[in-house]
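Each chain, letter by letter, is given below.
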Amino acid sequence: MRKFLFVCLLMLGIMAKAQTGYQVGDIATDFSLKNVDGKNVSLASYAAAKGYIVVFTCNTCPVAKAYQARIEALNKEYAAKGYPVIAINTNDPVTSPGDSYERMQALAKEKSYSYVYLEDPNHVYTKKFGATKTPHIFVLQKTAKGNEVAYIGAIDNDQQEENTNRENYVKNAVNLLLDGKKPTVTATKAVGCSIKWKKEGTTE
């Protein structure tokens, strides 16, 4: 009996560890992070927003690169409707020099990003949200309770843009929210590169 209880407690501990970060229905706290223009940006900076498409991404991951144009398209379609893209670079710039702030600025300029691109060099909000991949998407809806997590996961199921049965998870979720409905698909597996975490003992 004791062995059974130990195994149950161990499994619960593993599950709790696996579910760190926000889950659908949780209320996301605001943040203030530096944008590529040098100014700090928070969710509250968008007073008229109905919600947000928060994208944890980076400069260097091939999967993140494959989705750059689609992230831009999401912002151009939905920012005016109240759901702007908020992109956050998750990677430690020491572990991954290609993700330095200066490289972020250069990429944003090269690609003419229409959305903010923020740095999270110490992974504070990457960990708080529970992002594990680049890209990893969190759709938030403004509610009376706060910014409620409505969807977590991938942008779509068509990384190579070759899937004739593409499921546009983020677009579908935001469209339903704009119609006053809840997303029918609230969570999918984020597919991308592992986040490049800060090594112990290093500083900014």
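Residues numbered from 1 in each chain as written. Predicted model: local features only at pLDDT ≥ 70, side-chain atom pairs only at ≥ 80, totals over all residues. Heavy atoms only, no water.

Colleague: Sorry if this is basic, but what is going on with the environment of A131 here?
Modeller: With respect to the element layout, A131 can be found in the loop between α5 (124–129) and β7 (133–134). Residue classification places A131 among the buried residues on the basis of a relative accessible area of 3%. Remark: the alpha-carbon pair of A131 and T90, spanning 41 residues in sequence, is separated by 8.4 Å. In this structure, A131 is in contact with F56, T126, H136, F138, I195 and W197, ignoring residues within four places of it in sequence. (Helix = DSSP H or I, 4+ residues; strand = E, 2+ residues; numbered from the N terminus. Buried < 20%, exposed > 50% of the residue type's maximum accessible area, 1.4 Å probe, protein only. Contact = heavy atoms within 4.5 Å.)

Colleague: Explanation requested: empty space enclosed by the protein in the structure shown.
Modeller: Any space left empty among the atoms is revealed by the rolling of a water-sized probe across them. Counted by the stated rule, this structure contains two cavities of 30 Å³ or more. Taken as a whole, the largest cavity spans an internal volume of roughly 50 Å³. As for the largest cavity, its lining consists of T57, C58, A64, Q68, I71, A87, Y113, Y115 and Y117. Classifying every residue of the lining of the largest cavity gives seven nonpolar, two polar and no charged. Reported here for the second largest cavity is a volume of approximately 40 Å³. Surrounding the second largest cavity, N89, N91, P93, D99, Y101, M104, E119, D120 and P121 form its lining. Split into classes, the residues belonging to the lining of the second largest cavity amount to four nonpolar, two polar and three charged. (1 Å grid on protein atoms, 1.4 Å probe; cavity = no way out; pocket = protein on both sides within 12 Å on 5 of 7 lines; lining within 4 Å. Points joined across faces, edges and corners; volume = space filled by probe spheres on them. Nonpolar A, V, L, I, M, F, W, Y, C, P; charged D, E, K, R; others polar.)

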